[in-house]
Structures are given as C-alpha cells and as structure tokens.
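# Examination of the molecular architecture
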Amino acid sequence: MNNKELHKENYNHVSIESKWQKIWLDSKVFEPSDDFSKPKKYILSMFPYPSGAIHMGHVRNYCIGDAIARYYRMHGFNVLHPIGFDAFGMPAENAAIKHKVHPKEWTYSNMEVMLKELNNLGLSFSQDRILETCNPTYSRHEQEFFIQAWKKGLVYRKKAFLNWCPKDLTVLANEQVIDGKCWRCDTDVVQKEMYQYYLKITDYANELLQDLDTLEGKWPQQVLSMQRNWIGKSEGLEFHFELDSKSKEMLDNKISHLGVYTTRADTLYGVSYCVVAPEHKIVDILIEKKLLSDDSIKQINIIKNQGEKERSKADKEGLELPLFVIHPLTQKKIPLWVGNFVLINYGFGAIMSVPSHDERDFEFAKKYNLPFVPVICANGDHDGINQVNTDDGILCNSDVYSNLTSKEARKKIIDFFEKNNIGKRTINYRLRDWGISRQRYWGTPIPLIHCEKCGIVEEINLPVILPEDIEITGEGNPLENHATWKYVKCPKCNCDAIRETDTMDTFMESSWYFLHYTTPKHLRDRQAFCNDFLKYFMEVDEYIGGIEHAILHLLYARFFTKMLRDLDYIDFSEPFMNLLTQGMVLKNGAKMSKSIGNIVEPSDIINTYGADTARLFTLFAAPPTYALEWNDEGVKGCYKFICRLIDRKIRVQKTTEIPTINVGTLSKDSKIARTKVYEALQKQQNIFSKKIENYPFNVIIAACMEAHNAISAQDDDMVFTEGYFVLLHILECFIPHIASELSKELFDLSNFKPIQIDNNAFIKDEIIFIVSVNGKKRGEISVDPNTTKDEILSKAKISVQKWITSDIKKEIYVPNKLVNFVI
C-alpha cells in the first residue's frame, strides 16, 4: 500500500520533517542552558556502538528517551539529553581485516551514518555535547583516571590465563572462541598465562551491594536481583586440610596444606574427597616431578586449555591424584582429585566435596564411584545417596553436632574452628576483580612504561595516542610490532624502555561517559568534569537501555562512580537515579536478526511513512518494558492516524490561546469529547509524575486516538479547536514533526507550554451503568449523578427484567460503572 492510498490531503513527511529538523538545529532549542536556577532533568539512553546503521532496537530505545526529554523540556525543565558513541572495540578490528580499512576510518564513517539516521528520527539530542570515546581528549582523561587509580593501589598487575590462538598469535575474547576453536582460523584455542591489569572492584563489593537498597523502587527488581547475585555475598568458614606426611614428601614439602572456603560448615562431616583446579600449584609440582602418567598429564592439559565458559558447559571431568589430605575434624584421610569444574581464580582454587549435599559434587561422585556420607537427615526421597539433598535440616553422622539444626551446627562448628585457631569466620564475595587488559589495537592505550631500572612508570605526556600507520591482519597485536611507538625513553631515568602495548577494556569508556556529557564541549580539552555542571545535572534522572546490560555495564558504571569519588573527582556515589530497561523488538515471535531474515530497516519505514510514524508505532505497540512485536498493519494504522490529524485540521479555529468553552450550552457528544481530551492530558501528567510506572506511552497515545475520534464525532468547532490545542500538545513528544507543523499553523506553537486540566470537563450530567445478569452484559442505564444506590438497582432491575428468570441471589454494585444480578 503506497502513501497516496492512505490519505486525502498530501502529507509530505519528507518536507515537513526536514523543515523542522533544520529549525531545531538552527535554533539550538535542544541545548541545555547554564541557568542552574531552573529545575533539571538528565535523560539518557545508553549510547550505541557505531556498527554502521541503526536498527529497530535503537529506534525504540532513543524514542523512549526522546519522549521523556521532550515532555520535561516543554514543561520548563532544563534538559540534558545527549548522544555519543562507544567507539572503541573489536568489531572495528574485524572490519579492518575483512574490508582492508583502518579501524579509525571505519568507526568515524559509521558514526557519521548513524548520527544522520538518528537525526532523521527527530531526536532532540544536544548536538554540542556529542562525544566519541575514541577521541584523544576522552582518552587523556581516562588515562589520567587510570594513573590516579594505579597510584592509589586500585589498579594492579598479575598473571592470568587467557584464550590464545597459537596460529594467529593473538589473545581471543570469549565470544571469539567457538567450540574451543579460533573464530578466524579454526585452530584449537589454548590457555596462555600472561600479565594483566586489574581494577580492584572487590574493594567496593560491600558498598556496591548495600547501595542497591537505595535503588529499590527506582530500578527494576530483576536488575537489582541480578547484581546482588553477581556480587554474591556469603558468610562461611575458611580453613585448610593438612596434607598427610607422604603427600608432603611427594611435593618436596613445598606445600603442606590445602585452603578452602565453604558456606556449608554444617556438612563438614560429609566431605568424602577434595578437588583442585588443574592450574593449582600442587598439580604443577606433580607434573614437574613426573609423578603423573602421560595420559593424566594430557587430560589435565586438555582441561587447562579450556576457557571458563567452555568448562562451565562441559560434563564434569577429573582424575585422582596420588595425594591425600586429613579431615580436620575426623582426622581421616581423604583422596585428592583434580577437576574441570574448579577454577583457579575462585577462592583458593580448591574445594571440599560433599556429594550427598551438593549437586555438582553429587554428579562427580556418581561418575567416579566416590563415597557418599549423608550428614543431613533425609528429606523425603532426597536421602543424599540416591538423590542429592541440598536443603538445611537436622544433622546426623556428625559426632557431637548430630541432632542440631543446620543453622545451629554452622555456628557451633565455625566457633570451634576459631577457638582452636584452625579456621575463621569469613565473608566472601562471588565478585572478582575487573580484568581491563586487552591485547588489541583499537582501544585506549594503558599509560604505563616498563623500565628495567625503574620498574613500571606512569606516562607523563598524556594522551598516549594510538599510532595510525598500522596494518591489522588478525595475527598478534599491531602495537607489539610498532617499534617507533613501542620503544621509548623512561620518564624517570631517560634510559631505554618499553611502552605498555595492552589497551583498556571498552567497558572502561562506558563506565564514565555519562559524567563527561555534563561537561560543555568548550571545556572538555581542559577538564574531564566541570563541577558546576556536574553537580547540577547528576544523577542521571532516567537511564534507558536493555536488560542485557544489567550486570557488567551497570555494575562497572556504579563502581567507577565510587572510584572517581574516592579519587576526589566527584562527590556522589550512584550515577543513575532511575533505570528503565526496554523490551526487545521482535518479528514473527523472534528477535530481529539478519541470520533469520526478519530485519526491518528503520530507513525503509522512515522513507515510506516518515519518522513520526516510526516513532508512534514503536511507542504505541507495547509499553516500553515489554517486548514489541513488529506489525506492518500497525505501522499503517499509525500512519493513518497522522493523516487523519492533518485531514481534519480544517475545522480548527486558529488561535493563540486555549478556547474558553461554555459547558452549559454543549451537547452530550461535545461533553463526552471534552472528557476524553482531558482524560488524555490527565493520563500524560500522571505517567510523567510517576503515579504510573515505566512510562506506558501506549496508554497516552490510545487516549489521544480515542479523544480525536470523540472530537471528530461532535459538532462544536470550538470543542474541536480545544481538542487539537491539547492533543497536539500531548503528541509533541511522540510525533514532534507533525505536531510542530500543525501547532505552528493553527496556534503559533502557543500550545507548547504547560496546560492546566479543566476539571469541569469531568463533571457528568449522567452516568452510564452497564447492567449484567450472571456476568453477561444485558443492557445499560443512564442515571443522574445524584441518584441513590437503591434507585439505580431498581432501574437496573427493570431494564433487564426479561433475563431475570428466577430469584436474585446477589446484587453486585460497582459505583459509576456496573450492576450485576446473580440468579
């Protein structure tokens, strides 16, 4: 169906939209002011990666934020509504390999395309505050943060195992490892130990957890729960198993004990074996001394060369070591195993195993026929032998602790360990320190220099900028091979030194960009933040993005804010006051994807129906937090509504003030129409005042459509004019181009300011009651608002008398709505 079939009057959306976009750009109407006396709103949608073209997910995300920003701007708020690009990252390097184009060129070209597409939607972004994280100025500030964190001990360097492709000689991200092989050359990936830099997010674990309480009712409960689980606070017992004398001798007395941590001290008497990670020092010594068979070493190396993600999906595998540890309570010897499900970076890289009361241990013990010792009384079929019993309960087979509850036993056992100095009560967190090193080119360089004489030294000339004369082949890190960039003089002693060739994780850039947006563009070269603007605009009032960012980005951003506070850059602790996680855009029940061929290109919708239609549909088809199912007929329906707005404007009496209506002379239909108009305005105000959560714009839009039908169905042109005055005011945040075009023509934009609700519109001459029998509608009655309940019931009974065929058992009366007779 083409445009001409859908409307009578010519709706040239291309002309109208380009006209208003130019007016907005030239007048700088979307730029925040420096008038700090005004109430403020900071509305922010998560910035995009410059992938080359916007998709419908972008359209939805940014239209939600734009609707909020436009509402508050119209209502007198000083609104900061910025846009930028998360511009560093691996896709640019992949594109460089594939298309033989420099990552910088690819990135900036894509940003230009995307910015044009975003502007074509009429989004009210500040053009003066656009930023791109690959800009050297942005890098300089980030490198300064890094150096200050390094000096304060919040950054450290240690070795860790990374995915390594031995053919391409490069580190691979987890997503580049497919079924254990390199995504490019299909070579088996191995784990290689390399130095990495870490941010000490674990120092903030408890604060990150506690401050989630301040976000209750402001962030989705699902996100709060996901962050709490990710931080993973637990209280338990930290202790060790002593190795038996023979085992110590086998290890040349280099290791005497095995440290472990457990939250289930009540199950200690059920330990039947212990397991270490394949990277554990004990295993290294056994291999070094050739105390394991070649087959065993081969099996261990296979496990070592699996990444964490691959191990988590694999079946439980392991092998017995020729070592034993001594149980600290029973003094019995317990066999020691190595297993693929124990990770060296978690805790001590070793665990105690209680197969009767832990699902993972149960599965491993069943596979290798290891003993089961139930120590919690059976719970139905869950006897701890045939089925695992993970619940708390009453202890058995636990010496003096038998017959105690799990809670009582945990306390008494930990008390015993502490009293005898063989263990301690400990609070642990699942959260691990944030590894920020990336062995890639397209990222922010880590501003450190390695000097044989002085050690690791901070760069003094910031920013450290990436060299542009590189070639990305996919083999190794180009910075490693760039001699003139890599080899430098030490800033301290002026001796030959080597620049750090790792770059930073791109989550670093997205962890503070929202703070930098507050800094006016003309100040950004000199300072990361302008305190006046920062204090005025922060926190972000509404942050909008996908639920997939619930943990990493949002957690890192919260941590980075707290770290910058402790580095004396800012004086607050949480960045985002309110969070809205928008639903996905689906087509045919599936997320839009090129691989399954259900993509809808935003440019096609904009070219055919206009940006306002695209905006209206994405905001009307579903509430923001729900999944949106794409529907071509729904798009056409939204287009038709806009066309009807244009077609029926002829009835409007041009004015610069809202008409004064003499309610006493109005017809019934005109009164109903006014009620519908002000109900729509009331719904908008209730939603934006947070009386209704999560901005269900579909409710407002539906009310506007209903009101438009109502004013069109009545005969009073002044009521019709009043309706357009109010409805175009409401619709400006959803369909700003046509709302501005019609409002300029009809009202000279005088309706683009706060409008008071006329409560007289809600005074009713009569009330309509639905009358039903046994829940089925059988009629309606009209009554005066002052009619008593008994009179209403009597009149209702008469109106449905023929359906009342037996005695009435119950009369259900809902004021101002319905009467139901149960017979």
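This next bit is on the overall build of the protein. For the protein, the count of helices and strands is 25 helices and 32 strands. Projected onto the principal axes, the alpha-carbon positions of the protein cover approximately 105 × 80 × 50 Å. Looking at the 823 residues of the protein, the share that counts as buried comes to 54%. In the protein, 72% of the contacts between residues at least 6 apart in sequence involve partners at least 24 apart. Only carbon and sulfur atoms are counted for the fraction: they give 48% of the accessible area of the protein, which is about 37100 Å².

Right, let's talk about the sheet that holds strand β31 (residues 810-814) for a bit. If you trace the four strands from one edge of the open sheet to the other, you get β30-β29-β32-β31, paired in mixed fashion. Looking at strand neighbours, the two that pair on one side only are β30 (776-783) and β31, the edges of this open sheet. With strand direction ignored, the average angle separating the axes of adjacent strands in the sheet is 20°. With five bridges joining them, β31 and strand β32 (residues 818-822) adopt antiparallel strand pairing. Within β32, the residue paired with Ile 812 across the bridge is Asn 820. Of the strands in this sheet, β29 (767-773), β30, β31 and β32 touch helix α25 (residues 789-799), which is tilted by about 130° from β30.

Turning to the state of the cysteines, a few remarks are in order. One pass over the full model with this rule turns up zero disulfides. Of the cysteine sulfurs around Cys 643, a residue in no disulfide, the closest is that of Cys 638, at 11 Å. By relative accessible area, Cys 643 is classed as buried at 1%. No disulfide involves Cys 704; its sulfur sits 8.5 Å from the nearest other cysteine sulfur, which is in Cys 733.

Right, let's talk about the sheet that holds strand β22 (residues 496-499) for a bit. Adjacent strands of a sheet form backbone hydrogen bonds with each other and so pair up, either parallel or antiparallel. Read across the open sheet, the four strands follow the order β20-β19-β22-β21; overall the sheet is antiparallel. The open sheet is flanked by β20 (455-458) and β21 (487-489), the only strands paired with a single partner. Between one strand axis and the next, the sheet turns through 40° on average, direction left out of account. Bridge count for strand β19 (residues 448-451) against β22 is two bridges, and the pairing is antiparallel. Bridge pairing links His 450 to Ile 498 in β22. Against the sheet, helix α5 (residues 136-151) contacts β19 and β20, and its axis sits at roughly 135° relative to β20.

Attention now moves to the packing of aromatic side chains. Across all of its chains, the model carries 53 aromatic pairs by this definition. The interplanar angle of 40° and the centroid separation of 6.4 Å between the aromatic rings of Tyr 49 and Trp 106 together place this pair among those described as tilted. In this pair, Tyr 49 is assigned in the loop between β1 (40-45) and α2 (56-74) and Trp 106 in helix α4 (residues 103-120), connecting sequence segments 57 residues apart. The exposure class of Trp 106 is buried, given its relative accessible area of 16%. Between the aromatic rings of Phe 529 and Tyr 569, the centroid separation amounts to 6.5 Å while the plane-to-plane angle is 85°, which identifies the pairing as edge-to-face. Highlighted residues: Phe 529 in the loop between α15 (513-516) and α16 (531-537) and Tyr 569 in the loop between α17 (552-566) and β25 (579-582), separated in sequence by 40 residues. Taken together through their ring pairs, the aromatic side chains of Tyr 71, Tyr 72, Phe 77, Phe 688, Tyr 695, Phe 697 and Phe 734 make up a single cluster. The ring of Trp 24 has Arg 70 sitting right over it, with the charged end atom 4.6 Å from the ring centre. Directly above the ring of Trp 230 sits Arg 430, whose terminal nitrogen or CZ lies 4.6 Å from the centroid.

It is worth spelling out the pattern of salt bridges at this point. Counted according to the given criterion, the structure contains 53 salt bridges. Here Glu 207 ties to Lys 562 by a salt bridge, and the two come within 3.7 Å at their closest N and O atoms. Residue Glu 207 is located in helix α6 (residues 205-210), and its partner Lys 562 is located in helix α17; the two are separated by 355 residues in the primary sequence. Its salt-bridge partner being Asp 358, residue Arg 360 comes within 3.8 Å of it at the nearest N-O pair. Judged by its relative accessible area of 31%, Arg 360 is partly exposed. A residue is classified by how much of its surface remains accessible, and Asp 358, at 25% relative accessible area, is partly exposed.

Taking 1.5 Å as the rise per residue, helix α20 (residues 632-647) with 16 residues should run 22 Å; its terminal C-alpha atoms sit 22 Å apart, in good agreement. Of all the residues in α20, the buried ones are Val 635, Lys 636, Cys 638, Tyr 639, Phe 641, Ile 642, Cys 643, Leu 645 and Ile 646. In this structure Asn 631 caps α20, since a side-chain oxygen of it lies 2.8 Å from the backbone nitrogen of Glu 633.

With that settled, consider the pairing of β32. Where β29 lies against β32, four bridges are found, and the strand directions are parallel. Of the residues in β32, the one forming a bridge with Val 773 is Phe 821. In textbook terms, the turn of a hairpin is the stretch between consecutive antiparallel strands, and for β31 and β32 this stretch comprises three residues, one of which, Asn 816, has a positive phi near 65°.

Right, let's talk about the pairing of β29 for a bit. Across the seven residues that make up β29, a large majority, five, are buried. Linking β29 back to β30 in an antiparallel pair, the connection comprises two residues, with Asn 774 at a positive phi of about 55°.

To continue, consider a nonpolar patch on the surface. Residues Ile 770, Ile 812, Val 814 and Leu 818 make up a contiguous nonpolar surface patch of roughly 240 Å² in combined accessible area. Relative to the elements of secondary structure, Val 814 occurs in strand β31.

A few words now on helix α3 (residues 90-99). Within α3 the residues assigned to the buried category are Met 90, Ala 92, Glu 93, Ala 95, Ala 96 and Ile 97. Tucked into the core, α3 has its buried residues touching α4. In the stretch just after α3, Lys 100 is the one whose phi turns positive, near 55°.

We now examine the confidence of the model for the protein. On average, residues of the protein carry a pLDDT of 94, and 98% of them reach 70 or more. Confidence over residues 1-8 falls short of pLDDT 50; this stretch has 15 contacts with residues more than four positions distant or in other chains.

The rules behind these values
Residues numbered from 1 in each chain as written. Predicted model: local features only at pLDDT ≥ 70, side-chain atom pairs only at ≥ 80, totals over all residues. Heavy atoms only, no water. Helix = DSSP H or I, 4+ residues; strand = E, 2+ residues; numbered from the N terminus. Buried < 20%, exposed > 50% of the residue type's maximum accessible area, 1.4 Å probe, protein only. Contact = heavy atoms within 4.5 Å. Areas by Shrake-Rupley, 256 points an atom, 1.4 Å probe, with all protein chains shown as cover. Pairing = 2+ DSSP bridges. Axes fitted to C-alpha atoms, helices over the stretch in contact; angles between N-to-C directions. Disulfide = S-S within 2.5 Å. Phe/Tyr/Trp six-rings, centres within 6.5 Å; stacked < 30°, edge-to-face > 60°. Lys NZ or Arg CZ within 6 Å of the ring centre and 35° of its normal. Salt bridge = Lys/Arg side-chain N within 4 Å of Asp/Glu carboxyl O. Expected span 1.5 Å × (residues − 1). Polar contact = N/O pair within 3.5 Å; in protein donor to acceptor, adjacent residues only side chain to side chain. Patch = residues over 30% accessible without salt bridge, like charges linked within 9 Å, V, L, I, M, F, W, Y side chains within 5 Å. pLDDT = per-residue confidence, 0-100.

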